[in-house]
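Below, each chain spelled out in residue letters.
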Amino acid sequence: MGSSPETYEPTPNQMIDLEKSDFFFYVGNLGFERAWLQRLKQMAPNVHFKETSIGIEQMGEHIHNEEHHHDPHVWTAPRNMQRMARNIYQALCVADSSCVDVYTKNLAYLLDRINVVNDSIRTLTGDMVQKSFLIYHPTLTYFAHDYGFNQIVVEHEGKEPSPHQLIELIKLCRKENVKSIFIQQEFTQRSCQLIAQEIGGKVFFINPLSYDWEQEMIRVAHILRENE
């Protein structure tokens, strides 16, 4: 918790656990995965590596460290979480056909829970008029797309915005009547706090990597609704 997927490195104990595992499920485009995936496969040749985001349309292309990447946070949209759950389910059924009934039952239960999250977000945000928000790092691209929001990003090519870019962001936020500003704990707060002061907005810390995915996604919707 609190570690950036761009700089995270597995611990020795985690590497030992990996070698004892049957599967390694990965998202597909996280900074950690781009840096480590091939090495992990070499270190654990008997482990089945499965990408969970297969079939999900990649969105939010941006430049980071002079490389072009898509937003890897596909799980911020519940429909993508359902796709990821099905991908995991299919891999487990192929590897362990004797337990297909159990996996099928568990998948149905999980899909129902994800549907509850989707319905809650739509109820909270569906009739909102003001649907723009500011975020330091573009982690809510898929959330914004699915629920009709305009995500305005602070950082530029993975770096702090220049003074000129800050001025333009402030103008845009005023034009779009932005009130909610999101930032993750691992990123600098300076630019967001400055913009918040200039536009009369509020800064909220979010954690797209939270283990309690359901609560965190609904919390984001609540923030947007309450600060419309």
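Remember, predicted model here, so these are calculated numbers, not experimental data.

J.: Hey, could you run me through the side chain of Q151 in this one?
T.: On the secondary structure map, Q151 appears in strand 6 (residues 150-153). Here the side chain of Q151 touches L140 through a polar contact of 2.9 Å, landing on its backbone nitrogen. Polar side-chain contacts of Q151 include one of 3.0 Å to the side chain of T141. Beyond its immediate stretch of four places on either side in the chain, Q151 contacts F133, I135, P138, T139, L140, T141 and A144.

J.: Would you explain the packing of aromatic side chains in this entry?
T.: Evaluation of the coordinates by the stated rule reveals nine aromatic pairs. Taking the centre distance of 5.1 Å and the plane angle of 55 degrees together, the rings of F143 and Y147 count as tilted. Of this pair, F143 and Y147 both sit in helix 5 (residues 141-147), four residues apart, roughly one helical turn. In this structure, F143 and Y147 share a single accessibility class: buried. One aromatic cluster in this structure is built from F133, F143, Y147, F149, F182 and F204.

J.: Explain the packing of helix 4 (residues 100-125) against helix 8 (residues 213-226) here, please?
T.: Packed helix pairs are specified by the crossing angle of their axes together with the interaxial distance, meaning the distance between the axes. With their axes 9 Å apart at the nearest point, helix 4 and helix 8 run at an angle of 5 degrees to one another. The orientation of helix 4 with respect to helix 8, classified from their angle, is roughly parallel. Where helix 4 abuts helix 8, its residues R113, I114, V117, S120, I121, L124 and T125 lie against W213, E214, M217, I218, A221, H222 and R225.

Calculation rules
Think of each chain on its own: its residues are numbered from 1, step by step along the sequence as written. Two thresholds apply to this predicted model, a pLDDT of at least 70 for residue-level local features and 80 or more for giving and counting side-chain atom pairs, whereas whole-chain, interface and lining totals are computed over all residues. Only hydrogens and water are set aside; all other atoms, that is, all heavy atoms of the structure, feed into the side-chain values. Secondary structure elements follow DSSP: runs of H or I no shorter than four residues count as helices, runs of E no shorter than two count as strands, and numbering proceeds from the N terminus. Polar contacts, as counted here, are pairs of nitrogen or oxygen atoms within 3.5 Å of one another; within protein the pair requires one atom able to donate a hydrogen and one able to accept it, and residues that are adjacent in sequence qualify only if both atoms are side-chain atoms. The contact definition used throughout considers only heavy atoms, calling two residues in contact when any of these lie within 4.5 Å. Centres within 6.5 Å are what make two rings of Phe, Tyr or Trp a pair, Trp counting through its six-membered ring; a difference in plane orientation under 30 degrees is then read as stacked, over 60 as edge-to-face, and the rest as tilted. Relative accessible area decides the class of each residue, using a 1.4 Å probe on protein chains only: under 20% of the type maximum gives buried, over 50% gives exposed, and in between gives partly exposed. Only the stretch in contact is used when fitting a helix axis, every axis being a line fitted to C-alpha atoms; angles between N-to-C directions are given from 0 to 180 degrees. Oblique is the label for every angle not falling under 35 degrees (roughly parallel), over 145 degrees (roughly antiparallel), or within 65 to 115 degrees (roughly perpendicular).

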